[in-house]
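Architecture and fold: a report
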Amino acid sequence: MPKPVRKLLATLEGTPDPIPPVWFMRQAGRYLPEYREVRAKAGGFLDLCYNPALAAEVTLQPIRRYGFDAAILFADILLVPDALGQPLGFHEGEGPRLAPIRSAPELASLKPSATQAKFGRVFETVARLRQDLPNATTLIGFCGAPWTVATYMVAGSGSSDQADARAWAYGDPGGFGQLIDLLTDVSVDYLSGQVQAGADVLQIFDSWAGSLPDDQFERWVIAPTRRMVEALRKKHPLVPIIGFPRGAGAMTARFVEATGVQGVSCDTSMPLAAMADLGRKTCVQGNLDPLLLVAGGEPLEERTREILERMEGKRFVFNLGHGIVPEAPPEHVAQLVELVKGWRG
Ligand code: CP3
């Protein structure tokens, strides 16, 4: 049987396409009524993440509705601390809560050997997805980058400035480095398991990369990501990795060069000129403002055309600069996907 053309995979491998592949971060989620229905049936958010049948179902929902070129596994970056044994809860309207870890001795409570039971359920979701997805749909596996996951583990919740993790990193870099090393190793195993189960492409979400000055960015963003990319390349030489160092700004080109990722996702604040420039070195993904999906209409179409024109001829994946927000009307998502798929057609 000939190998199916998976457009996102092909673009990352270096085959240009006049109509870029399109998928959106958080394409499965609360803006979809069918997601809210399954979510209510599952019980809690974590119950949904660890239920392979339901997690596969919500992953497939946006593929059926919009025909995206890629599906992203339904899970969460905080499943890694959860599987390590750091108690995690998601409460309506509050976001995640964890029992904070603030010092090196507390790391003894984390159990890398205990992760397999929970990770196994995620791998089962991936295996189901590879069976149920159309042959031409690329399947993306993911995890959070060590720095971003650590910011939640240390603060015990989301935070606007990641102050607790930054303070630990400055005050006791050796101890904080142990947490980062542990997360790096566990994340490599987790992503490798996703590839073995059927993921075609991997994305590493570093949502808080932008909160670090350049020397700290080298140490806590670039170095662990490079370690992950090197280890994964050895195990799975053909699987492309997309980095998402959100807020990295002027450090983005250095990030691409130093980590060895095959693609980089750009947030909304990246100027199109800079994104086009990056597109000469690597495959770039981005960066429409998710709030344009709330507005819809002409403002959405105008900016979409601007991005498509500016990125023409580059190795480019159409995406948002961050996840779809719950307020986005599903019709606006349809409008956007039609526009991208009909580009120059
Ligand atoms: O469709 C997809 O993109 C795949 C699934 C996915 C989720 N989270 C599902 C989710 C992915 C890739 C993520 C990544 C994630 N999770 C990140 C990195 C990307 C980013 O947004 O910066 C981060 C920082 C998290 C941590 C997280 N998960 C927070 C802070 C929250 C609460 C805020 C919120 O949006 O509710 C979540 C919950 C979450 N993860 C939801 C979904 C669909 C909403 C939960 C619900 O259904 O109630």
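For the structure itself, consult the block above.
Overview of the structure. Predicted model, so just to flag it, every value in this text is computed and none were measured. (Residues numbered from 1 in each chain as written. Predicted model: local features only at pLDDT ≥ 70, side-chain atom pairs only at ≥ 80, totals over all residues. Heavy atoms only, no water.)

A tally of helices and strands in the protein yields 15 helices and nine strands. A compact globule built from 345 residues would reach a C-alpha radius of gyration of about 20 Å, and the protein, at 19 Å, matches this within 12%. Counting only C-alpha atoms and orienting by the principal axes, one finds that the protein spans roughly 60 × 45 × 45 Å. Nonlocal contacts in the protein, meaning residues at least 24 apart in sequence, comprise 74% of its contacts between residues at least 6 apart. Per element, the accessible surface of the protein, about 13700 Å² overall, is 52% carbon and sulfur. With 35 positive and 39 negative side-chain charges, the protein shows a spacing of 4 Å between the two charge centroids. (Helix = DSSP H or I, 4+ residues; strand = E, 2+ residues; numbered from the N terminus. Rg over C-alpha atoms; globule rule 2.2 N^0.38 Å. Contact = heavy atoms within 4.5 Å. Areas by Shrake-Rupley, 256 points an atom, 1.4 Å probe, with all protein chains shown as cover. Lys, Arg positive; Asp, Glu negative; His and termini not counted. Charge placed at Lys NZ, Arg CZ, Asp CG, Glu CD.)

Along its 12 residues, helix 15 (residues 330–341) runs 17 Å from first to last C-alpha, staying within 8% of the 16 Å computed at 1.5 Å per residue. Buried residues of helix 15: Pro 330, His 332, Val 333, Gln 335, Leu 336, Val 337, Leu 339 and Val 340, and no others. Check the buried side of helix 15 and you find it contacts helix 2 (33–42), helix 4 (52–66), strand 8 (283–288), helix 13 (292–295), helix 14 (297–310) and strand 9 (316–320). (Expected span 1.5 Å × (residues − 1). Buried < 20%, exposed > 50% of the residue type's maximum accessible area, 1.4 Å probe, protein only.)

When helix 8 (residues 163–171) is considered as a whole, its buried residues turn out to be Ala 165, Trp 168 and Ala 169. Around the axis of helix 8, the buried residues are gathered within 100 degrees of arc, so they sit on the same side. (Arc of directions from axis to C-beta.)

A few words on the site of the ligand. Taken together, 22 residues lie near the ligand, and Arg 26, Tyr 35, Arg 39, Asp 76 and Ser 207 sit nearest. Here an oxygen atom of the ligand sits 3.4 Å away from a polar atom, N or O, in the main chain of Gln 27. Note that an oxygen atom of the ligand is positioned 2.7 Å from one of the side-chain N or O atoms of His 322. Across the complex, the protein chains shield 87% of the 880 Å² of accessible surface that the ligand would expose by itself. At the level of secondary structure, the elements contributing two or more residues to the shell around the ligand comprise helix 2 and strand 3 (95–98). By residue class, the composition of the shell around the ligand is 14 nonpolar, four polar and four charged. (Near = heavy atom within 4 Å. Polar contact = N/O pair within 3.5 Å; in protein donor to acceptor, adjacent residues only side chain to side chain. Nonpolar A, V, L, I, M, F, W, Y, C, P; charged D, E, K, R; others polar.)

By themselves, these observations are geometric and do not establish any function.
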